[in-house]
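# Structure assessment
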Amino acid sequence: MSYAITGLALLAAVSLVNALLTFAVVKRWRAMMAAPAPAPAPASGPPALAVHEGDHTPAFTLHTPRGEVSESTLAGHPALVCFLRPDCGPTRESLPEIQRWAEANTPSGAHLVAVINGPPTEAGPLLEAVGPLTELTATEPPNGPVAGAFGVRHHPTFVLLDADGTITETGIGQGSLPALNLLTA
């Protein structure tokens, strides 16, 4: 009989501890649900590139229909390097600005380089759009070697180089081409 009483007392103690823990968990859950949601972490600023204004052009090699293009190929002339993505709406919306830059600057010797980051099977329409503007066009896989050299993570991205290969301005995203006064090389 004493074993039965001891067993019942032990069962009552375990049930009491279980009830207290359940009560504590429910109370904490209700407090969490009543508290306001934490604010999202603020963005750390605008997207950044690995290159900055004042830096020298990083070493790169791009295989185009005209042949290999590198930082030394562009030396002696201003250049606009555009990083575009076939499935990107802001890239498509930037095409008129790229065309205006090409029309205003390539007659005086400036180069327009278009690097299309994406599968070659999807690049066709974008190649057709920039093809008449420059022969210095090539596709590379997402996060390809040229995009990696410049630190491109967002599209479209624009890098303006002066004749000695110094980066004079950069722009990321739709509207950055005219906003950064890149239309005057």
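Here is a short report on the structure shown in this document. (Residues numbered from 1 in each chain as written. Predicted model: local features only at pLDDT ≥ 70, side-chain atom pairs only at ≥ 80, totals over all residues. Heavy atoms only, no water.)

Phi is mostly negative for residues that are not glycine, and the peptide bonds are mostly trans. The step from His 155 to Pro 156 runs through a cis peptide bond, and the omega angle for that step is -10 degrees. You can see Pro 156 is positioned in the loop between α5 (145-150) and β6 (157-161). A positive phi angle, near 60 degrees, is found at Asn 143, a position not held by glycine. Relative to the helices and strands, Asn 143 is located in the loop between β5 (137-140) and α5. In this structure Asn 143 comes out as exposed when scored by relative accessible area, which is 65%. (Helix = DSSP H or I, 4+ residues; strand = E, 2+ residues; numbered from the N terminus. Buried < 20%, exposed > 50% of the residue type's maximum accessible area, 1.4 Å probe, protein only.)

Within the largest apolar cluster, 20 residues are counted, with the highest numbers of intra-cluster contacts made by Leu 62, Leu 74, Phe 83, Phe 150 and Val 159. Elements with a contribution of two residues or more to this core: β3 (79-84), β4 (111-117), α5 and β6. Those residues within four positions of Leu 74 in sequence are excluded, and the remaining contacts are Phe 60, Val 69, Ala 79, His 111, Val 113, Leu 136 and Leu 161. (Core = buried A, V, L, I, M, F, W, Y, C linked by side-chain atoms within 4.5 Å. Contact = heavy atoms within 4.5 Å.)

What follows concerns the sheet that holds β5. Whenever strands of a sheet pair, they do so through backbone hydrogen bonds, lying parallel or antiparallel. Ordered by their spatial adjacency, five strands build an open sheet running β5-β4-β3-β6-β7, and the pairing between neighbours is mixed. Single-partner strands in this sheet number two, and they are β5 and β7 (167-172). Sheet twist, expressed as the mean angle between neighbouring strand axes with direction ignored, is 15 degrees. Pairing analysis gives five bridges linking β6 to β7, with the strands arranged antiparallel. For Thr 157, the partnering residue across the bridge sits in β7 and is Ile 172. Against the sheet, helix α3 (residues 89-105) makes contact with β3, β4 and β6, and its axis sits at roughly 165 degrees relative to β3, the strand it touches most. (Pairing = 2+ DSSP bridges. Axes fitted to C-alpha atoms, helices over the stretch in contact; angles between N-to-C directions.)

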